[in-house]
Amino acid sequence: MKLIDGKAVSEELKNTLKQDVLEYQQRTGRTPHLAAIIVGNNPASKAYVGNKVKSCHQVGFRSTLIQLPEDITEQLLIEEIQKLNNDPDIDGFIVQLPLPAHIDEVKVTLAIDPKKDVDGFHPVNFGRMAQGLPCYLPATPYGILLLLDRYNIEVSGKHVVVVGRSNIVGTPISILLSRKANPGNATVTLAHSRTKNLSEITLQGDILIAAIGIPDFIKEDMVKDNAVVIDVGINRVAAPDQPKGSKLTGDVDFLNVRSKTSYITPVPGGVGPMTVLGLMLNTFKAAKKEIYP
Ligand code: GUN
């Protein structure tokens, strides 16, 4: 079993990015600028956005955090988005999800200018991704592709089983790995909450990607010998023995699954840091107008 060290890879690639950003600044006199909108006080969302801001500073970007109240109306939120769409100083921005229940996430996503949609959530970017056209890849799938590449994990011709069909991870990674691309050319099965005989399917996965948001859901008897296991879950669970009284755990029962695998990502320190890196890379592409010249 080899541990896939997403923290180390993300630090390495952030250092490379930092050099590229410096060179870009010297050449153009501009500094890439990412903005993040956060609505309300969800502690997990605040922590994620805090990490994104920290990474901006690490790689030499400017960042602007826009904190809006929990009870903001959908209309006012959309007006904030339009300001960012029209602000030439902002290269890209994200609206941290989830949003409060009274706000329609679809409407909000549609309000974002696809050229500045560095999360890759707008249907224009999603559609371009599905057709293999230049686009901002959603950050988590992007991070997974980079990890597979960095560890030289063969994907072509392999059976990839993805568990979970969210718009931001399960569905896009299943499309990306089946594309005629590198990494890609896999045979992909997308399993989800209505899948029957799930274990029979996960056991076929040369590469198993867990993105369902249920702590320790993937057990040892669901994993093929020598599989590559990518755990996208970030679940906070009670842990009375920890100082905080809780800890982060993935969707994979790591302690029991790891010995069966050829490679596995830990939580934390696996996919999570790569997601932030994906966002940084997209923001740099936005600054350079690489996707939408
Ligand atoms: N919530 C969970 N993951 C993400 C993400 O990648 N981007 C945004 N904006 N919200 C999220």
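Preceding this paragraph is the structure being described.
Residues numbered from 1 in each chain as written. Predicted model: local features only at pLDDT ≥ 70, side-chain atom pairs only at ≥ 80, totals over all residues. Heavy atoms only, no water.

(A) Representation of the side chain of Gln-96 within the structure. Locating Gln-96 in the fold gives a position in the loop between strand S4 (92-95) and helix H4 (105-111). A polar side-chain atom of Gln-96 sits 2.7 Å from a polar atom in the side chain of Lys-52. Not counting chain neighbours up to four residues away, the residues in contact with Gln-96 comprise Ile-37, Ser-45, Tyr-48, Val-49 and Lys-52. (Helix = DSSP H or I, 4+ residues; strand = E, 2+ residues; numbered from the N terminus. Polar contact = N/O pair within 3.5 Å; in protein donor to acceptor, adjacent residues only side chain to side chain. Contact = heavy atoms within 4.5 Å.)

(B) Focus on the pattern of salt bridges. Considering all chains together, one arrives at ten salt bridges under this definition. Of the charged contacts, one joins Arg-27 and Glu-23 as a salt bridge, the two residues approaching to 3.2 Å between their closest N and O atoms. On the criterion of helical spacing, the pair formed by Arg-27 and Glu-23 is a turn pair, its members being four residues apart in helix H1 (residues 6-28). Assessed through its relative accessible area of 55%, Arg-27 is described here as exposed. In this structure, Lys-288 engages Glu-290 in a salt bridge whose closest nitrogen and oxygen atoms are separated by 3.1 Å. The exposure class assigned to Lys-288 is partly exposed, which follows from its relative accessible area of 35%. By relative accessible area, Glu-290 is classed as partly exposed at 41%. Three or more residues joined by partner-sharing salt bridges are found here, namely Lys-7, Glu-11 and Lys-14. (Salt bridge = Lys/Arg side-chain N within 4 Å of Asp/Glu carboxyl O. Buried < 20%, exposed > 50% of the residue type's maximum accessible area, 1.4 Å probe, protein only.)

(C) Seen up close, helix H6 (residues 139-150). In a regular helix each residue adds 1.5 Å, so twelve residues correspond to 16 Å; H6 covers 16 Å between its end C-alpha atoms and thus fits that length. Across the twelve residues that make up H6, a large majority, ten, are buried. Among the residues of H6, those classed as buried are Ala-139, Thr-140, Pro-141, Tyr-142, Gly-143, Ile-144, Leu-145, Leu-146, Leu-147 and Leu-148. On its buried face, H6 sits against H1, helix H7 (170-178), strand S7 (207-210), strand S8 (228-231) and helix H10 (271-287). Immediately beyond the C-terminal end of H6, within one or two residues, lies Asn-152, with a positive phi of roughly 50°. (Expected span 1.5 Å × (residues − 1).)

(D) Layout of the site of the ligand. The environment of the ligand is formed by Lys-52, Val-95, Gln-96, Leu-97, Asp-119, Phe-121 and Ile-168. Note that a nitrogen atom of the ligand is positioned 3.0 Å from one of the backbone N or O atoms of Leu-97. Contact between the ligand and Asp-119: a nitrogen atom at 2.7 Å from a side-chain N or O atom of the residue. Protein chains shield 82% of the accessible area of the ligand, which is 280 Å² for the free molecule. Of the residues that constitute the shell around the ligand, the class distribution is four nonpolar, one polar and two charged. (Near = heavy atom within 4 Å. Areas by Shrake-Rupley, 256 points an atom, 1.4 Å probe, with all protein chains shown as cover. Nonpolar A, V, L, I, M, F, W, Y, C, P; charged D, E, K, R; others polar.)

(E) Region of the structure containing the packing of aromatic side chains. The tally for this structure, following the rule as stated, stands at three aromatic pairs. When the centroid spacing of 5.6 Å and the interplanar angle of 85° are considered together, the rings of Tyr-24 and Phe-284 count as edge-to-face. Taken together, the positions of Tyr-24 in helix H1 and Phe-284 in helix H10 put the pair 260 residues apart, joining distant regions of the chain. The pair formed by Tyr-24 and Phe-284 is uniform in burial state, with each residue classed as buried. With a centroid separation of 6.1 Å and 75° between ring planes, the pair formed by Tyr-151 and Tyr-263 is classed as edge-to-face. Taken together, the residues Tyr-151 in the loop between H6 and strand S5 (159-163) and Tyr-263 in strand S11 (residues 263-264) connect sequence positions 112 residues apart. Each member of the pair, Tyr-151 as well as Tyr-263, is classed as buried. (Phe/Tyr/Trp six-rings, centres within 6.5 Å; stacked < 30°, edge-to-face > 60°.)

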